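Report on the structure
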Amino acid sequence: MLRVGEAALLVELADGAAAEAFHAELLRRRAAGALSGVREIVPAARTVLLDGVAEPARLAAELSGWELRPGHARAGEVVEVPVRYDGPDLPEVAARWGVSPAEAARIHSAAEFRVAFCGFAPGFGYLTGLGARYEVPRRATPRTAVPAGAVALAGPYTGVYPRSSPGGWQLIGTTDVVLWDTDREPAALLSPGTRVRFAPMSGTEAGR
Amino acid sequence: MNDRAVAVVRAGALTTVQDLGRTGYAHLGVARSGALDPAAARLVNRLVGNEEGAAVLETTVDGCALRPRRAVTVAVGGAPCPVRADGRPLPWGTAVRVPAGALLEVGPAVRGLRSYVAIGGGIAVDPVLGSRSTDLLSGLGPAPLADGAVLALGAAATAVREPVDAPPWPGPPGELVLRVRLGPRDDWFTSGALRTLTTRAYRVAPASNRIGLRLDGPALERTRTGELPSEGMVLGAVQVPPDGRPVVFLADHPTTGGYPVVAVVREGDLGAAAQAVPGTPVRFVTAP
């Protein structure tokens, strides 16, 4: 556990799964009325940041005494994201996986994902759920404009671009789902812990 | 149209609507945003009888010009600048009455960078996630002001408030001293780099903005290469990209990042950072 400035703690966990479990535990306890002196709980790849902490030293002592339940919280509906597997990088991703583009789409749509954390832009989730053998590198040269709704891979993560922005992820498909809408409650379709499945739409590689 | 509004005659280089920011959404990738010099924003609000968290205008370097459609109470603070109504000089840093239809000119900053303009009733753009602040990184909140735009105002307080005792503005720093606590990733840097950070002089770089205060000066040498797995970032984080030159995260900073944070600046010191012009000497000191 690391102190971050005057009012924050960074809790380091062994791996992504442990970070997700610790984050789920924090949310359970906050829902039960604990952690009132904490303004922000920000999970990430292997850490959880607690920011705006009234008494960081006391909270640090309290957290170190926690016993974590193994495994993920499985509560909550699965959000289904319809995808056309038509991304320009799908053939390259499929080649890295040693399969056809149609099979790559099938593999991707068969997995269940979880939002490990958000960042980069409001509503952009880093989703885990593909096996380690399906990791892909970022593109050597980022695109100056990735369209909103692009479904993309980088490292162990899948992400969906909430709006058009530059990006270096490998684009494998497109969705019409609105990821981020501040006129909606909640604004974010995906928040840390959300379970996600990608559903192939007909007329795509997987459907052909 | 409702006359409870001001027209933007000259938007200036970068004028945004700001309040005290949006909290509680960092886990969705939403930065706090809000006035870079929150003490100045609170003060001008108090001067015109607003709540401290009312939305104000934050100018950058060259001010702005407005035309209220009805008589309003206005206070300009933060970076000192000339203030005029229809060419007539008005005092800075105190509440003044501007008649309906008059041209209110907020001039270029004489010292510092960012002036704050509070109008009685506050700027009444629709809040987004509980705040009216413009977040330049993510595009949340109202767009930066444009010439010809019209901003609605809230209802001004009718009860006469006690006059505020305006503390003298500390003024832009000749030297910006930022108190830091080392970590969380100080172990990514050589002991020489930590000594460099806390003993050598840096300067505010011109590329600084609402996202970060960029610094010119000696590069900080790392003990390890590669990127950190993304982790949560706080306001005031001193992040060190591969070129070794530290960046102090300000209100519109990204909420997660993969470059190591060598130290974190005290929040109370960031208002001065927001007023430091490019070239200002910067010194980091470890807080007790």
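See above for the structure.
Cut-offs and rules
Residues numbered from 1 in each chain as written. Chains lettered and ligands numbered in written order. Predicted model: local features only at pLDDT ≥ 70, side-chain atom pairs only at ≥ 80, totals over all residues. Heavy atoms only, no water. Buried < 20%, exposed > 50% of the residue type's maximum accessible area, 1.4 Å probe, protein only. Helix = DSSP H or I, 4+ residues; strand = E, 2+ residues; numbered from the N terminus. Pairing = 2+ DSSP bridges. Expected span 1.5 Å × (residues − 1). Contact = heavy atoms within 4.5 Å. Polar contact = N/O pair within 3.5 Å; in protein donor to acceptor, adjacent residues only side chain to side chain. 1 Å grid on protein atoms, 1.4 Å probe; cavity = no way out; pocket = protein on both sides within 12 Å on 5 of 7 lines; lining within 4 Å. Points joined across faces, edges and corners; volume = space filled by probe spheres on them. Nonpolar A, V, L, I, M, F, W, Y, C, P; charged D, E, K, R; others polar.

All right, on to the pairing of strand β7 (residues 121-128) of chain A then. Residues and elements named next belong to chain A. With 7 of 8 residues buried, β7 lies mostly within the body of the structure. Looking at chain direction, strand β6 (residues 113-119) and β7 are connected through 5 bridges and run antiparallel. Bridging from a neighbouring strand, C118 pairs with G125 of β7. Counted between consecutive antiparallel strands, the loop separating β6 from β7 contains 1 residue, among which F120 sits at a positive phi close to 70°.

All names here are of chain A. Taking 1.5 Å of rise per residue, the 16 residues of helix α1 (residues 16-31) would be expected to cover 22 Å, and the 22 Å separating its terminal C-alpha atoms lies within 8% of that figure. Burial in α1 covers these residues: A19, E20, A21, F22, H23, A24, E25 and L26. For α1, the secondary structure elements touched by its buried residues are β2 (8-12), β3 (40-43), β4 (47-51), α2 (56-64), β6 and β7. Capping of α1 at its N-terminal end is provided by D15; its side-chain oxygen lies 3.2 Å from the backbone amide nitrogen of A17. After α1 finishes, the residue G33 shows a positive phi value of roughly 100°.

Comment: phi is negative for the bulk of residues other than glycine, and the bulk of peptide bonds are trans. For the peptide bond that leads from A:E185 to A:P186, omega is 0°, which places it in the cis range. Tracing the sequence through the fold places A:P186 in the loop between β12 (170-174) and β13 (195-200). Note the cis peptide between B:G183 and B:P184, where omega equals 10°. Within the secondary structure layout, B:P184 lies in the loop between β12 (176-182) and α2 (191-199).

All names here are of chain B. In this structure, the second largest pocket encloses a volume near 590 Å³. Lining the second largest pocket we find 31 residues, and of these L36, D37, P38, A39 and G271 sit closest to its centre. Those elements that place two or more of their residues in the lining of the second largest pocket are α1 (38-48) and α3 (270-274). For the lining of the second largest pocket, the leading source of residues is α1, giving 6 residues. Among the residues forming the lining of the second largest pocket, the class breakdown is 18 nonpolar, 7 polar and 6 charged.

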